[in-house]
Amino acid sequence: MKHLPLFSGIFLLISLPSTVAISQTYARNGIVVSSSKIASEVGIDILQKGGNAVDASVATAFTLAVTHPAAGNIGGGGFLVFMNSLGITTTIDFREKAPLKASPKMFLDEGGTLTKGKNLSGKESTVNHIGAKSIGVPGTVAGLYLAHQKYGSLPWADLVQPAIDIAENGFPLTWSLLQAATRFDANSPIPFLRDYFKKDNGQLTQFEELWKQPELAKTLSEIRDHGQDGFYKGVVAAEIVSFMEKNGGIITKEDLQRYTAVERKPIKGTYKDYEIYSMPPPSSGGVALIEMMNLMELVDLDSIEFNSTAYVHLLAEVMRRAFADRAEHLGDADFSKDMSLEKLTSKVFARKRFDNIDRSIASISDSTKFGQIYDGANTTHFSVMDKNGNAVSLTFTLEQGYGSGMGSDKLGFIFNNEMGDFNPVPGATTTTGQIGTNPNLIQPEKRMLSSMTPTIVAKNGKPYLVIGSPGGRTIINTVFQTVLNVIGYDIQVDKAIEAMKIHHSWLPDKIVYEKGLLSPDTRKALEAMNHSLVSKNSLGELMGIQMDTKNKIMIGASDSSSPDGAAIGY
Ligand code: GLY
């Protein structure tokens with residue numbers, strides 16, 4: 001996010017307008033920071049009952065499926081990074097998969113064109129994000145179940161029950177949910193979504209009225225009672241398959257039965273004395289983050305004025321290179337023998353990449369070689385630290401806000417539209433955001449490339465910073481800048497989150513900056529260096545926890561861009 005860090009020499013003064021609604025907390029025993037206050041409270045309750053960070057994460061994630069349905073979900077997928085108090089780190093990949101019947105050209109018409117249609121809000125969108133074919137095999141329930149089986153300590157049922165209670169008894173509809181409810185009621189071509197926020201009497205739930213989700217409560221009860229099988233087998237799976245058959249989807253019983261979450265070795269890098277752990281492919285986030293931090297390690301930060309022309313130019317050039325490499329190399333590593341992960345995250349490669357940055361002029365993004373995928377900006381991240389210093393960084397998504405907008409009345413949850421994260425037109429790369437490179441073409445059972453960057457930084461071998469964000473491709477850059485702010489510039493996590501950010505993703509070849517960040521003079525200077533600039537109200541909704549190692553106090557902060565977000569500690 002967003003607020004103007006005024007620079008003076010190497011000292012940063014962060015000026016925050018009085019309207020800022022950052023949620024911030026200091027605590028000794030545990031913190032949960034999520035995009036829903038209710039979900040953060042549920043997580044804290046689990047910690048207070050003796051649960052560990054993984055237990056709290058499972059309960060928080062299921063609650064987000066009830067209270068933050070734009071992105072919290074059981075119909076989508078995501079990634080979890082877990083570092084225990086000794087610094088041992090692992091990850092769980094529960095990214096959605098392409099169904100067995102999927103194929104590289106499944107979204108093209110007979111002439112090979114990616115046509116358009118109306119999306120969940122009635123707006124024009126390419127077909128790879130629309131309808132039941134855009135739904136990937138969901139991974140969230142399998143991922144949370146695997147995390148709990150391996151690293152949880154409280155009974156599974158106790159972690160699902162809070163979400164069931166909230167779905168059954170309702171919770172007061174927030175202003176931000178009301179915005180979505182009103183929008184869908186007026187514009188959505190999808191009946192499920194139009195009715196999603198309605199009461200039994202057919203009226204839209206109003207601000208602060210209790211919004212109840214009895215069908216979702218029933219689905220969650222199956223998951224409570226049968227674990228992973230409660231979703232991928234039995235009555236829920238049967239209804240998913242029946243829904244797909246009625247609505248032109250291609251997910252089958254076999255797809256659901258074959259889905260597994262995978263434990264993977266994290267991507268690891270270093271920045272000075274810090275160790276950085278993040279998500280490996282099928283996310284591109286970890287690799288790009290480590291590459292960018294390696295490049296920035298070659299810079300004396302004291303010599304470059306924060307948010308100056310030189311600083312913005314350098315960051316944009318660093319981002320441009322990491323995103324070009326992402327487009328060339330990354331996809332689901334289970335389907336590619338060599339993704340050059342070691343090379344991309346090595347210090348030697350960073351040196352080469354750094355040495356071809358011209359400090360006086362923008363490079364050219366070569367669209368004839370590699371382009372960029374489009375991915376949705378509506379995802380959600382939460383961070384957890386428990387009293388023993390175990391930490392979880394979890395990002396999950398339905399792809400775009402409210403995913404495909406489709407769901408079964410009998411199940412009460414929304415399916416993702418994550419198939420839109422694959423490269424839709426083999427071989428076709430454009431300057432506006434479409435990519436056709438091989439590593440991320442659609443194949444049966446492949447996971448689509450993601451930008452989610454759940455990250456944990458260790459200091460002296462122990463969790464120090466837990467961070468992540470939603471925001472599609474901007475995730476990688478907002479996490480990168482927040483990590484750099486904390487461990488490069490020594491800015492406390494709350495201010496690091498609020499400090500304004502930029503985004504460059506190689507293609508489109510533009511610097512996106514948060515409105516108010518760049519002075520007219522800086523903008524002119526950057527344009528004179530051949531950069532094109534575009535402003536945005538806000539980038540990222542970061543949720544972070546930092547350990548004050550000296551005083552053994554955790555500091556939690558939820559980005560002021562998150563309308564319902566909260567950092568809760570005890
Ligand atoms: N769907 C957004 C992402 O995975 O990056």
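One structure accompanies this document, and this report is about it.

Cut-offs used in this document
Residues numbered from 1 in each chain as written. Predicted model: local features only at pLDDT ≥ 70, side-chain atom pairs only at ≥ 80, totals over all residues. Heavy atoms only, no water. 1 Å grid on protein atoms, 1.4 Å probe; cavity = no way out; pocket = protein on both sides within 12 Å on 5 of 7 lines; lining within 4 Å. Points joined across faces, edges and corners; volume = space filled by probe spheres on them. Helix = DSSP H or I, 4+ residues; strand = E, 2+ residues; numbered from the N terminus. Nonpolar A, V, L, I, M, F, W, Y, C, P; charged D, E, K, R; others polar. Buried < 20%, exposed > 50% of the residue type's maximum accessible area, 1.4 Å probe, protein only. Pairing = 2+ DSSP bridges. Right-handed = clockwise from strand over helix to strand, strands pointing away. Axes fitted to C-alpha atoms, helices over the stretch in contact; angles between N-to-C directions. Parallel < 35°, antiparallel > 145°, perpendicular 65-115°, else oblique. Left-handed = near helix turned anticlockwise from the far one by under 90°. Contact = heavy atoms within 4.5 Å.

## A look at the layout of surface pockets
Okay, so step 1: Size it by volume and the second largest pocket reaches roughly 480 Å³.
Okay, so step 2: Looking at the second largest pocket, it is lined by 17 residues, and the ones nearest its centre are Tyr196, Lys198, Lys212, Pro214 and Glu215.
Okay, so step 3: Sorting the residues of the lining of the second largest pocket by element identifies helix H6 (191-196), strand E10 (210-211) and helix H7 (214-226) as the ones contributing at least two each.
Okay, so step 4: Ranked by residues supplied to the lining of the second largest pocket, first place goes to H6 with 3 residues.
Okay, so step 5: Of the residues in the lining of the second largest pocket, the class split is 5 nonpolar, 5 polar and 7 charged.

## What to know about the pairing of strand E19 (residues 511-514)
A regular strand places its side chains on the two faces of the sheet in alternate fashion.
Okay, so step 1: Neither face of E19 is left uncovered, since the one carrying Ile511 and Tyr513 and the one carrying Val512 and Glu514 both have all their residues buried.
Okay, so step 2: As defined by bridge partners, strand E18 (residues 502-503) adjoins E19 across 2 bridges and the pair is classed as antiparallel. Bridged to His503 within E19 is Val512.
Okay, so step 3: As defined by bridge partners, E19 adjoins strand E20 (residues 533-536) across 4 bridges and the pair is classed as parallel. Residue pairing across strands places Tyr513 opposite Ser535, the latter belonging to E20.
Okay, so step 4: Note on the crossover from E19 through helix H17 (residues 520-528) to E20: the handedness is right-handed.

## Considering the environment of Met106
Okay, so step 1: Looking at where Met106 falls in the secondary structure, it is placed in the loop between strand E6 (89-94) and strand E7 (116-118).
Okay, so step 2: A residue is classified by how much of its surface remains accessible, and Met106, at 18% relative accessible area, is buried.
Okay, so step 3: Taking the C-alpha atoms as reference, Met106 lies 9.2 Å from Val425; in sequence the two are 319 residues apart.

## Details of the sheet that holds E19
Strand pairing within a sheet occurs via backbone hydrogen bonds; the two strands may be parallel or antiparallel.
Okay, so step 1: The strand order E18-E19-E20 describes an open sheet built from 3 strands, whose pairing is mixed. Each edge of the open sheet is held by one strand with a lone partner, namely E18 and E20.

## A few points about the packing of helix H11 (residues 285-297) against helix H14 (residues 347-355)
Okay, so step 1: Their axes nearest at 9 Å, the elements H11 and H14 cross at an angle of 65 degrees. As judged from the angle between their axes, H11 and H14 are roughly perpendicular. Crossing geometry of H11 relative to H14 is assigned as right-handed. Residues Glu291, Asn294, Leu295 and Glu297 of H11 form the contact with H14, whose own contacting residues are Lys347, Phe349, Ala350, Arg353 and Phe354.
Okay, so step 2: Split by residue class, the contact of H11 with H14 holds 4 nonpolar, 1 polar and 4 charged.

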